[in-house]
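Working through the structure, step by step
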Amino acid sequence: MVKEKRIALLPGDGIGPEVVAEGVKVLKAIEQKDKNLSFTFEQFPWGCEYYLQNGKMMDDDGLSQLQHFDAIYLGAVGYPGVPDHVSLRDLLLKIRKGFDQYVNLRPVKLLNERLSPLKGKAAKDIDLLVVRENSEGEYSGEGNWLYKGEPEEVVLQTGVFSRKGTERIIRYAFEEARRQGKSLTSVSKANALNYSMVFWDSVFEEVKRDYPDVETASYLVDAASMFLVMNPERFDIVVTSNLFGDILTDLGAAIAGGLGLATGANVNPERTYPSMFEPVHGSAPDIAGKGIANPLAAIWSVAQMMDHFGEEEWGRKIVSTIQQIMDEDEKLTPDFGGEATTAEVGDRFIKLLTS
Ligand code: ATP
Ligand code: MG
């Protein structure tokens with residue numbers, strides 16, 4: 001039976017459309033090769049350029065337009081002159097919240113040692129998956145600003161850790177660890193955050209009882225940051241809060257080849273709503289329109305999409321093809337020291353993937 005998947009394209013701004021075009025080429029190549037898969041695409045023009053023309057980042061009924069897709073494939077959103085908080089709040093956060101994408105999945109996998117500032121033993125085993133809480137925690141937006149401008153001025157920023165929100169992300173990570181046969185590490189900070197992280201740790205201990213087959217560890221975030229640099233082999237799957245996940249995944253991207261390769265998925269595990277797949281980099285206005293953006297992060301996002309569709313064979317194949325491309329220096333884009341264009345890398349990728 002042919003699996004039909006509907007994919008909403010949100011190429012966005014700057015280099016977004018340039019890299020998404022290569023990802024779509026890859027999806028079409030997969031469809032050609034795999035008679036059991038069929039993709040349909042619909043493109044949406046939303047983003048900062050749309051905002052500058054229409055005064056809004058997306059249509060008012062944008063979420064209901066997207067609701068029935070199996071996946072959202074996003075390029076990048078951002079434009080000089082449109083404040084980041086507007087583009088983030090009115091498009092990305094709206095989708096993440098509206099579609100309850102409470103899991104952020106960020107693979108940290110080094111494909112080629114020369115891409116990492118880490119050398120030798122540490123660089124040999126950088127291969128982990130960060131499961132970041134994506135809906136509440138330190139980024140709840142709750143707080144208070146008291147006595148503004150007065151000597152007694154006090155600012156409160158509240159972390160919100162609900163039972164439901166904490167348990168579901170930890171449970172998701174345990175399920176993933178069990179499914180992959182890997183260990184799970186919880187990262188928190190209970191020695192300093194005496195409500196939120198004490199609670200986090202207690203929920204982790206509680207949920208752990210349901211997964212006696214999963215090996216676990218628990219680190220403070222400061223120690224975890226150090227180990228990520230000194231002993232990255234300690235980590236398989238990592239579950240952590242919104243803020244710590246934000247920081248650890250940037251550190252992860254830095255040790256694993258930088259923005260040119262980093263990808264992330266915003267997942268609604270229940271599949272009530274579509275999940276969203278995107279390269280981590282931004283719209284890169286400095287190189288937009290030149291045809292030299294590196295498409296590999298956007299292509300890695302396609303691998304995450306395939307995993308989400310239950311097509312993990314394709315997911316693995318895409319990642320190993322990226323690895324193959326990284327091994328051939330001269331066929332890369334300028335950010336990786338090569339002279340190839342975006343489209344040349346995409347074409348080469350497809351050739352390797354389907355040969
Ligand atoms: P935004 O406001 O959309 O986040 P930004 O310029 O702040 O954009 P990025 O777009 O992430 O942030 O870019 C940071 C730097 O990395 C820029 O110099 C950019 O050219 C480079 N860069 C980012 N993505 C890529 C890519 N896919 N290929 C090549 N260079 C990239
Ligand atoms: Mg940026």
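Just so it is clear, the model here is predicted, and its values are computed rather than measured.

Rules used in this analysis
- Residues numbered from 1 in each chain as written.
- Chains lettered and ligands numbered in written order.
- Predicted model: local features only at pLDDT ≥ 70, side-chain atom pairs only at ≥ 80, totals over all residues.
- Pairing = 2+ DSSP bridges.
- Helix = DSSP H or I, 4+ residues; strand = E, 2+ residues; numbered from the N terminus.
- Right-handed = clockwise from strand over helix to strand, strands pointing away.
- Axes fitted to C-alpha atoms, helices over the stretch in contact; angles between N-to-C directions.
- Parallel < 35°, antiparallel > 145°, perpendicular 65-115°, else oblique.
- Left-handed = near helix turned anticlockwise from the far one by under 90°.
- Contact = placed C-beta atoms within 7 Å.
- Nonpolar A, V, L, I, M, F, W, Y, C, P; charged D, E, K, R; others polar.
- Domains from an automatic or database assignment.
- Core = buried A, V, L, I, M, F, W, Y, C linked by C-beta atoms within 7 Å.
- Buried ≥ 20, exposed ≤ 12 C-beta atoms within 10 Å, placed from the backbone.
- Near = placed C-beta within 6 Å.
- pLDDT = per-residue confidence, 0-100.

Below, the discussion takes up the pairing of strand 9 (residues 216–220). The pairing of strand 8 (residues 184–188) with strand 9 spans 5 bridges and is classified as parallel. Across the sheet, S186 pairs through a bridge with S218, a residue of strand 9. Regarding the hand of the β-α-β motif, the stretch spanning strand 8, helix 7 (residues 196–208) and strand 9 is right-handed.

In contact at an axis separation of 10 Å, helix 6 (residues 163–180) and helix 7 are set at 45° when each is read in the N-to-C sense. Taken together, the axes of helix 6 and helix 7 are oblique relative to one another. Crossing handedness for the pair helix 6 and helix 7: right-handed. Residue-level inspection shows T166, E167, I170, R171 and F174 of helix 6 in contact with helix 7, the latter providing F199, W200, V203, F204 and V207. Tallied by class, residues from the contact of helix 6 with helix 7 come to 7 nonpolar, 1 polar and 2 charged.

The next subject is the sheet that holds strand 1 (residues 3–12). Strand order in the open sheet formed by 10 strands is 2-1-3-12-11-4-5-10-8-9, with mixed pairing between adjacent strands. Because the sheet does not close on itself, it has two edges, and the strands there are strand 2 (37–43) and strand 9. With strand direction ignored, the average angle separating the axes of adjacent strands in the sheet is 25°. Two strands pair when backbone bridges link them, and strand 11 (residues 263–267) and strand 12 (residues 275–279) are joined in this way by 4 bridges, in the antiparallel orientation. Paired with G264 across the strands is E278, a residue of strand 12. Sheet contacts for helix 1 (residues 16–33): strand 1, strand 2, strand 3 (71–76) and strand 12; angle to strand 3, the most-contacted strand, approximately 145°.

Our next topic: the domain arrangement of the protein chain. Per the domain assignment, the segments making up the protein chain are domain 1 (1–112 + 259–355) and domain 2 (117–255). Put simply, the middle of domain 1 and the middle of domain 2, counted by C-alpha atoms, are 25 Å apart. Sorting elements by how many residues they give to the side of domain 1 that touches domain 2 places strand 4 (residues 103–109) first, with 7 residues. Its residues assigned to classes, the side of domain 1 that touches domain 2 comprises 10 nonpolar, 3 polar and 3 charged.

Nonpolar side chains tend to gather and get buried jointly when the protein is soluble and globular. Judged by nonpolar contacts, the single largest core of 97 residues is most densely connected at I72, Y73 and V131. Looking at this core, the element that brings in the most residues is helix 10 (residues 296–308), giving 9 residues. Taken domain by domain, the makeup of this core includes at least three residues from each of domain 1 (1–112 + 259–355) and domain 2 (117–255). For Y73, the residues in contact, after removing those within four places along its chain, are I7, A8, L9, L10, V20, G23, F277, S301 and M305.

Neighbouring ligand 1 are 17 residues; G78, H281, G282, S283 and N294 lie closest to it. In the shell around ligand 1, the residues fall into 9 nonpolar, 6 polar and 2 charged.

What follows covers the pairing of strand 4. Counting buried positions along strand 4 gives 6 out of 7 residues, so the element sits mostly inside the fold. Pairing geometry for strand 4 and strand 5 (residues 127–133), over 7 bridges, is antiparallel. Across the sheet, residue K109 finds its bridge partner in strand 5, namely D127. Note: strand 4 against strand 11, 3 bridges, orientation antiparallel. Bridging across to strand 11, L105 finds its partner in A265.

Turning to the confidence of the model for the protein chain, a few remarks are in order. On average, residues of the protein chain score 95 in pLDDT, and 100% of them are at 70 or above. Two numbers describe this predicted complex: its pTM, 0.95, and its ipTM, 0.92.

Contact pair helix 10 / helix 11 (residues 312–326): the axes reach a minimum separation of 6 Å and the direction vectors enclose 160°. By the angle between their axes, helix 10 is roughly antiparallel relative to helix 11. Every pair of crossing elements has a handedness; the one defined by helix 10 and helix 11 is left-handed. Contact residues: L296, I299, W300, V302, A303, M306 and D307 in helix 10; E312, W314, G315, I318, V319, I322 and I325 in helix 11. In terms of residue class, the contact of helix 10 with helix 11 is made up of 11 nonpolar, 1 polar and 2 charged.

Phi at D100 is positive, roughly 45°, even though this residue is not glycine. The exposure class of D100 is partly exposed, given the 18 C-beta atoms found within 10 Å. Not every positive phi belongs to a glycine, and A284 is a case in point at roughly 45°. Residue position: A284 is located in the loop between strand 12 and helix 10. Classification of A284 as buried rests on a count of 21 C-beta atoms within 10 Å.

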